[in-house]
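Close look at the chain arrangement
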Amino acid sequence: MAQKTTLKEFESVYPKLEEALLDHVKSYNLPKEQVAWFKKSLEVNPLGGKCNRGMSVPDSVSLLLEAPLTEDQYFHAATLGWMTELLQAFFLVSDDIMDSSITRRGQPCWYRQEGVGMVAINDAFMLEASIYYLLKKYFRSHPAYVDLFELFQETTFQTEVGQLTDLLTAPEDKVDLNNFSMEKYSFIVIYKTAYYSFYLPVALALHQLNLATPKNLKQAEAILIPLGEYFQIQDDYLDNFGLPEHIGKIGTDIKDNKCSWLVNQAIAIATPEQRKVLEDNYGQKDDAKEAAIKKLYEELKLKERYEAFEEKRAGELRTLIDNIDESEGLKKTVFTAFFDKIYKRSK
Ligand code: GPP
Ligand code: MG
Ligand code: MG
Ligand code: MG
């Protein structure tokens, strides 16, 4: 029987990884003040989230084995999980600067914290570099070392390509609703979110167990990508309809001129008058204009539209999971575990 990890158990691995990273920079004779800075970044940025991505590595390993993990298996799976959390921290620190965000995980964004500012860019790079240090330290002799390395690198590139499209589709100075489309939307969210948040943890679990094959990786991708797309649609929905107390952040998509799921839905169903409201108010750093868009979203009943989408996508995902061929080492439960974690989430 598989065993589900707890946040407490998962978090208990982190101090050892943090210490390894700090020992490493100390071996460069890094001055004390900089060691303390890096320590703080390692304690603020990767911690305080739900750790869904990170915990899904040990959970997936256990579900694939249909057995509880040995101490050593758990440590390695949790280390890969923490590497996905470091990747996420690298992305979030950077994304918050690019999106001019205010809060993250209920705190001011890292770049807005006392004395940090644009040093946050270098902190983001160091969070990324930490992944490869840990990979080398703990997986150098693993048969899948090169696959693990290439997987982190490719996933990073995919996310950056998605982020590039997200940013270029949301110019600050030129609001043009004709720039948006559901095709562009799907590309953006699959690349900026689905690969690193959903495909990566399962691919890591398969590699840790030396079970990955081109076929089962493709099978996993075919489910995890639409699942990850659904997750980012939830993120876009919550940006407007979620409570900051629940989501730990203040929505910025309307002011940031984002090609969000909500604005694409609004464009699809707006009357000419409503389209004019969108054109006059979307994508500007102005509270009254943002409020006008929020009011329009209510009028257009986007909450109900989202709930209908959610039911439809949930049904499609359940069918995809039901139809998985388990003969190449995959287990349906790996995917239901992800699905159950995010279905109807409010944070
Ligand atoms: C989520 O977008 C996407 C990311 C955090 C990936 C960022 C990628 C980089 C290469 C920096 P979002 O802006 O909607 O997330 P949030 O709502 O959490 O700010
Ligand atoms: Mg953002
Ligand atoms: Mg963003
Ligand atoms: Mg968002």
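Residues numbered from 1 in each chain as written. Chains lettered and ligands numbered in written order. Predicted model: local features only at pLDDT ≥ 70, side-chain atom pairs only at ≥ 80, totals over all residues. Heavy atoms only, no water.

**A few points about the site of ligand 1**
- Taken together, 15 residues are adjacent to ligand 1, and Asp95, Asp99, Arg104, Asp235 and Lys249 come closest.
- With respect to ligand 1, the side chain of lysine 249 contributes an N or O atom lying 2.7 Å from an oxygen atom.
- In isolation ligand 1 offers 510 Å² of accessible surface; the protein chains occlude 92% of this area.
- If you list the elements that add at least two residues to the shell around ligand 1, you get helix H5 (71-98), helix H7 (145-168), helix H8 (182-208) and helix H9 (214-241).
- Its residues placed into classes, the shell around ligand 1 shows 3 nonpolar, 5 polar and 7 charged. (Near = heavy atom within 4 Å. Polar contact = N/O pair within 3.5 Å; in protein donor to acceptor, adjacent residues only side chain to side chain. Areas by Shrake-Rupley, 256 points an atom, 1.4 Å probe, with all protein chains shown as cover. Helix = DSSP H or I, 4+ residues; strand = E, 2+ residues; numbered from the N terminus. Nonpolar A, V, L, I, M, F, W, Y, C, P; charged D, E, K, R; others polar.)

**Some words on the state of the cysteines**
- The final tally for this structure, using the stated rule, is 0 disulfides.
- The structure places no disulfide on cysteine 109, whose sulfur is separated from the nearest cysteine sulfur, that of cysteine 51, by 18 Å. (Disulfide = S-S within 2.5 Å.)

**Quick look at the nonpolar core**
- Grouped together as the largest cluster of nonpolar side chains are 104 residues, with contacts concentrated most on Leu224, Leu227, Tyr297 and Phe335.
- Not counting residues up to four positions away in its chain, the partners in contact with leucine 227 are Phe198, Leu317, Phe338, Phe339 and Ile342. (Core = buried A, V, L, I, M, F, W, Y, C linked by side-chain atoms within 4.5 Å. Buried < 20%, exposed > 50% of the residue type's maximum accessible area, 1.4 Å probe, protein only. Contact = heavy atoms within 4.5 Å.)

**Overview of the side chain of glutamine 232**
- Within the secondary structure, glutamine 232 sits in helix H9.
- By relative accessible area, glutamine 232 is classed as buried at 5%.
- With near-sequence residues (within four places) excluded, glutamine 232 lies in contact with Tyr185, Val189, Lys192 and Thr193.

**A closer look at the layout of surface pockets**
- What the second largest pocket holds in volume is close to 270 Å³.
- Along the walls of the second largest pocket sit 19 residues, with Ile250, Gly251, Thr252, Lys255 and Glu290 positioned nearest its centre.
- For the lining of the second largest pocket, the elements supplying multiple residues, two or more each, are H9, helix H10 (244-247) and helix H13 (287-299).
- Sorting elements by how many residues they give to the lining of the second largest pocket places H9 first, with 3 residues. (1 Å grid on protein atoms, 1.4 Å probe; cavity = no way out; pocket = protein on both sides within 12 Å on 5 of 7 lines; lining within 4 Å. Points joined across faces, edges and corners; volume = space filled by probe spheres on them.)

**Examining the pattern of salt bridges**
- Tallied over the full model, the rule gives 20 salt bridges.
- Lysine 218 serves as the salt-bridge partner of glutamate 221, at 3.0 Å between the closest nitrogen and oxygen. Placement of the pair is glutamate 221 and lysine 218 together in helix H9, with a separation of 3 residues, close to one helical turn.
- Across the pair glutamate 307 and lysine 303 runs a salt bridge, and its minimum N-O distance is 3.1 Å. Remark: lysine 303 and glutamate 307 occur in helix H14 (residues 302-322); sequence separation between them is 4 residues, near one turn of the helix.
- Relative accessible area serves as the criterion here: at 36%, glutamate 307 is assigned to the partly exposed category. (Salt bridge = Lys/Arg side-chain N within 4 Å of Asp/Glu carboxyl O.)

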